[in-house]
Structures are given as C-alpha cells and as structure tokens.
Amino acid sequence: MNNYVAIYDGIGEKFDQAISKASEREVEVNTFFHMLGDVNNKRVLDLACGHGFFARQMIERGADEVVGVDISSEMIKLAINDSLDVPNLQYHVHDVALMPHLGSFDLVSAVWLLCYADSEETLVQMLVNIHNSLLPGGRLIAYTSNPDFRLGICNFTRYGLTILSEEPIEGGFSCDAQFVTEPPVPFHFYRLSREVYERAIRRAGFSHFEWVVPMIPQKHLDEFGEAYWYDFQRNCDQVGLVCQK
Ligand SMILES: C[S@@+](CC[C@H](N)C(=O)[O-])C[C@H]1O[C@@H](n2cnc3c(N)ncnc32)[C@H](O)[C@@H]1O
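Read on for a plain summary of the structure. (Residues numbered from 1 in each chain as written. Predicted model: local features only at pLDDT ≥ 70, side-chain atom pairs only at ≥ 80, totals over all residues. Heavy atoms only, no water.)

**Some points on the packing of helix α6 (residues 120-133) against helix α7 (residues 194-203)**
Phase 1: Between α6 and α7, the least distance of the axes is 9 Å, while the angle of their chain directions is 40°. Relative to α7, α6 is oriented oblique. In this structure, α6 crosses over α7, and the sense of that crossing is right-handed. Contact with α6, carried on its side by Glu120, Glu121, Leu123, Val124 and Leu127, involves Val196, Tyr197, Arg199, Ala200, Ile201 and Arg203 of α7 and no other residues of that element.
Phase 2: Residue composition of the contact of α6 with α7, by class: seven nonpolar, no polar and four charged. (Axes fitted to C-alpha atoms, helices over the stretch in contact; angles between N-to-C directions. Helix = DSSP H or I, 4+ residues; strand = E, 2+ residues; numbered from the N terminus. Parallel < 35°, antiparallel > 145°, perpendicular 65-115°, else oblique. Left-handed = near helix turned anticlockwise from the far one by under 90°. Contact = heavy atoms within 4.5 Å. Nonpolar A, V, L, I, M, F, W, Y, C, P; charged D, E, K, R; others polar.)

**Re unusual backbone geometry**
Phase 1: Glutamate 182 connects to proline 183 through a cis peptide bond whose omega is -5°.
Phase 2: Structurally, the position occupied by proline 183 is in the loop between β7 (172-179) and β8 (185-192).
Phase 3: Positive phi is not limited to glycine here, since asparagine 41 has a value of about 60°.
Phase 4: Looking at the element boundaries, asparagine 41 is found in the loop between α3 (24-36) and β1 (43-47).
Phase 5: With a relative accessible area of 55%, asparagine 41 lands in the exposed category.
Phase 6: The backbone phi angle of alanine 48 is positive, close to 55°, even though this residue is not glycine.
Phase 7: Structurally, alanine 48 can be placed in the loop between β1 and α4 (53-60). (Buried < 20%, exposed > 50% of the residue type's maximum accessible area, 1.4 Å probe, protein only.)

**Some remarks on the packing of aromatic side chains**
Two aromatic rings are characterised by how far apart their centres lie and by the angle between their planes.
Phase 1: Tallied over the entire structure, the rule returns 21 aromatic pairs.
Phase 2: Measuring from ring centre to ring centre gives 5.9 Å for phenylalanine 33 and phenylalanine 54, while their planes differ by 45°; the resulting arrangement is tilted. Taken together, the residues span a long stretch of sequence, with phenylalanine 33 in helix α3 and phenylalanine 54 in helix α4 at a distance of 21 residues.
Phase 3: Aromatic side chains phenylalanine 224 and tryptophan 229 sit 5.8 Å apart centroid to centroid with 80° between the ring planes, which places their arrangement in the edge-to-face category.
Phase 4: Ring pairing ties together the aromatic residues Phe149, Phe156, Tyr159, Phe224, Tyr228, Trp229 and Phe232, which thus form one cluster.
Phase 5: In this arrangement the basic side chain of arginine 25 is found over the ring face of phenylalanine 53, its NZ or CZ atom lying 4.6 Å from the centre.
Phase 6: Positioned over the ring face of tryptophan 211 is arginine 194, at 4.8 Å from the centre of the ring. (Phe/Tyr/Trp six-rings, centres within 6.5 Å; stacked < 30°, edge-to-face > 60°. Lys NZ or Arg CZ within 6 Å of the ring centre and 35° of its normal.)

**A few points about the sheet that holds β8**
Phase 1: Spatial strand order, β6-β7-β8: three strands in an open sheet with antiparallel pairing. Taken across any chain shown, the strands that pair with only one partner, and hence form the sheet edges, are β6 (161-169) and β8. Taking each pair of neighbouring strands and ignoring which way they run, the sheet shows an average axis angle of 20°.
Phase 2: With eight bridges joining them, β7 and β8 adopt antiparallel strand pairing. Bridge pairing in β8 links cysteine 175 to phenylalanine 189. (Pairing = 2+ DSSP bridges.)

See below:
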C-alpha cells in the first residue's frame, strides 16, 4: 500500500486541477449524491477523502459530523487547509485496509477508494473495516472502477482520464493511467472483477448491495450532446455501489 502514499503525496494540488477539467467529475458528483440521499443529521465517515471535496459538501448539506480519512498526508494537509472554516469536520491519515476503529457511523462514503485494492484480500480488509464502522442498517456509498469496462472498446481521455496500459492479475487488472492535465499526472489503480467484488462484499458481512449506473446530469447531456457521451454510456470505466449492513 505504501505505493499509494507516494503517488498521492506527489499528486497533491494537481488532483484539483484534474477534476476541474474532467467532464466525468460532474457525473461522479451527481451519482454520488443521488446514492447518498438525505445526509441531514447523519454522521459520515468519508474514506479516501482526498482534499475533502465530498466531506465539505456533506457538511454543507446538513451532516452532523464528517470524519475524513486518507492514506496520503499531503492530501490531508490540503483537506485541512481547505476546511478551516467548516465545522464538525475532522481528518485522519490512515490506510483504510489497516485503519483503527474511528467510531460508529450512519454512512460511509468511499469515492475512488476500492479501486486501490490490489487483490480480493485487500478489498475484504477494506470492506470489513467499513462494515465495522457502520451502525446496524448503515450504508456504504462507493464509487469505483467498473469491472465491466473493456479497454479494447474505447479509452476515457475525452472524459478526463487516459488508461495507458493494463495487465491481467488474479481477479482483475492492474492499470496504469494518467489524468488529462498539463503536464499529465500518472497514477495506478486496479479493476477487480464483479465476481471478486461481490464475494468480498459478502465475506465482509453486508446483507444487501446494489450496483448503480453513473448518471450524466441533464445539463451535461445538453451542453456536450449525446454523441460526446456515447462511449461513456456504452463502455463506462466507473460505477456506483451501495452496500447495506
Ligand atoms: C482519486 S482520489 C479521490 C479523492 C476524493 N474521494 C474525491 O473524489 O475527491 C483517491 C484518493 O484515495 C486515496 N487512497 C488510495 N488508497 C488508499 C487507502 N488504502 N486508504 C486510504 N486512502 C487511500 C489517495 O491518497 C487519494 O487521495
């Protein structure tokens, strides 16, 4: 896992540049808040919180408290700096696969966390820690790499991310990619299979789960046109996932 510390410590502020240029970001945000629903009076654990984008938005939308966790101390430094005036928000540096118990939460959010699990075992470790952090009936709201994506069909450059290469590993693919920024920012992630995800979810003890197809906001369909989103819809690299304890 140390690999990821180094990668995101090096990315730092460039992540904000990447998401502000990527048309897929609005789809992630739209789909995430649709899956999350009403966050009023809820306690939320935001995993792989990065520079705190979703953590701050959840406080703005009425969450009682948000605890953000990220493996990169550089990303947490940015999150703290960007959240100085935001109440009821705290941040910690941990690897989710190894994190201590931080309390019991109504919701756990994890936007682009599970795609850093390099094997079924790591995915199970993350999901067990998430399960242990949820109150009975609590939900995990995740967004991750879509197991059904096939690089041979199309790349995702026009949406903000280029997959440079991928290598088959047990249970999925190990992928080298870069954010479409100037200069490009390289990173590494994993696309584990649907079978591996679903077995890991059950092994971690979740009672129900549901895959959620990313939802392009109507204003982006209107602005960019249907043809622009054709590849995104036929061979999407990302997917939502909701798991209930
Ligand atoms: C693409 S960024 C997403 C940040 C944030 N969720 C967002 O969408 O704005 C991925 C984040 O995952 C973090 N990360 C990767 N592996 C992790 C792990 N094992 N535990 C905690 N954070 C991790 C990285 O440091 C990075 O900040």
